[in-house]
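For reference, the chains in residue letters:
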Amino acid sequence: MSLFGPFACEIETRTGALHPCEQVLRRTLRDIGAIFADQEAVQRILSTEGDRLVYEVYVAEVPERRGHLPYCTTIIYPGQVGDEYHMTKGHYHKKRDRAEVYLGLSGEGYLLLQNEAGDVRVVEMKEGIVAYVPPGWAHRTANTGDVPFVFFAVYPGDAGHDYGTIEAVGFAKILVAQAGQPVLKDNPRWCR
Ligand code: S6P
Ligand code: ZN
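About the cut-offs
- Residues numbered from 1 in each chain as written.
- Chains lettered and ligands numbered in written order.
- Predicted model: local features only at pLDDT ≥ 70, side-chain atom pairs only at ≥ 80, totals over all residues.
- Heavy atoms only, no water.
- Salt bridge = Lys/Arg side-chain N within 4 Å of Asp/Glu carboxyl O.
- Helix = DSSP H or I, 4+ residues; strand = E, 2+ residues; numbered from the N terminus.
- Buried < 20%, exposed > 50% of the residue type's maximum accessible area, 1.4 Å probe, protein only.
- Near = heavy atom within 4 Å.
- Polar contact = N/O pair within 3.5 Å; in protein donor to acceptor, adjacent residues only side chain to side chain.
- Nonpolar A, V, L, I, M, F, W, Y, C, P; charged D, E, K, R; others polar.
- Core = buried A, V, L, I, M, F, W, Y, C linked by side-chain atoms within 4.5 Å.
- Contact = heavy atoms within 4.5 Å.

(A) Inspection of the pattern of salt bridges at higher detail. Considering all chains together, one arrives at ten salt bridges under this definition. The closest approach of N and O atoms between Arg96 and Asp162, which form a salt bridge, is 3.0 Å. One end of the pair, Arg96, is in the loop between strand S8 (92-93) and strand S9 (100-106); the other, Asp162, is in strand S15 (residues 161-162), with 66 residues separating them in the sequence. Judged by relative accessible area, which is 25%, Arg96 ranks as partly exposed. The buried category is assigned to Asp162, whose relative accessible area is 14%. Put simply, Arg98 and Asp158 hold a salt bridge, and the shortest N to O gap is 2.7 Å. Of this pair, Arg98 sits in the loop between S8 and S9 while Asp158 sits in the loop between strand S14 (149-154) and S15; the two residues are 60 residues apart in sequence, bridging distant segments of the chain.

(B) Highlighting the site of ligand 1. Among the 17 residues in the neighbourhood of ligand 1, the closest are listed as Tyr55, Thr74, Glu100, Tyr102 and Tyr163. One nitrogen or oxygen atom from the side chain of Tyr102 is found 2.7 Å from an oxygen atom belonging to ligand 1. Counting only elements with at least two residues in the shell around ligand 1, the list comes to strand S4 (53-59), strand S5 (71-76), S9 and S14. Split by residue class, the shell around ligand 1 holds eight nonpolar, seven polar and two charged.

(C) The arrangement of the nonpolar core in detail. By size, the foremost hydrophobic cluster in this structure holds 38 residues, and its most contacted members are Leu29, Phe36, Val81, Tyr102, Leu111, Met125 and Phe151. Here Met125 is in contact with Tyr102, Leu103, Gly104, Gly107, Glu108, Gly109, Leu111, Ala131, Phe149 and Phe151, once residues within four sequence places are set aside. Counting residues in each nonpolar core, the second largest holds ten residues, with Ala17, Ala60, Val62 and Leu105 among its members.

Structure representation (structure tokens):
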């Protein structure tokens, strides 16, 4: 179904389920294991516990083209890989001058932002917090709590997604648990 006229969707704020939606993307540890700093932990989990769901994205039925405002919900399930919290792959927008808005719906987490000069910023998120991703900043989110971290995102339809740059260089900082608290540390695998 394509909805090009006015329409409304419903979001279940605890689970992040969006109805109706175009598709649900599922990212498992096997798919995205390379993003985590502790590669031994990735292999240990896969060989002892098997694969696990790290996050899902419900994508609304809005065209990804200029003039539209595509939106989606993301659900990051609680968990760690080594000391590092479950997180999204992270990306720049292909058109670097396109911004984005995130709204926290439930659970808790952090938004990590990085620009091409290597500056990193973090925004703590929970229900009701609106975070702004300015043009030119790569963005990734992590769940630092014990329940699913759910947020809503809306972005310009012609923004596009560049995953390759972050796959190649990573983020300069990682978010790890120390004595049960989130701490930002230098990423030992950052390639600059
Ligand atoms: C899209 C927006 C989010 C992410 C989602 C998953 O511009 O930033 O909806 O797509 O949080 O993250 P990623 O990095 O796997 O796309
Ligand atoms: Zn984005």
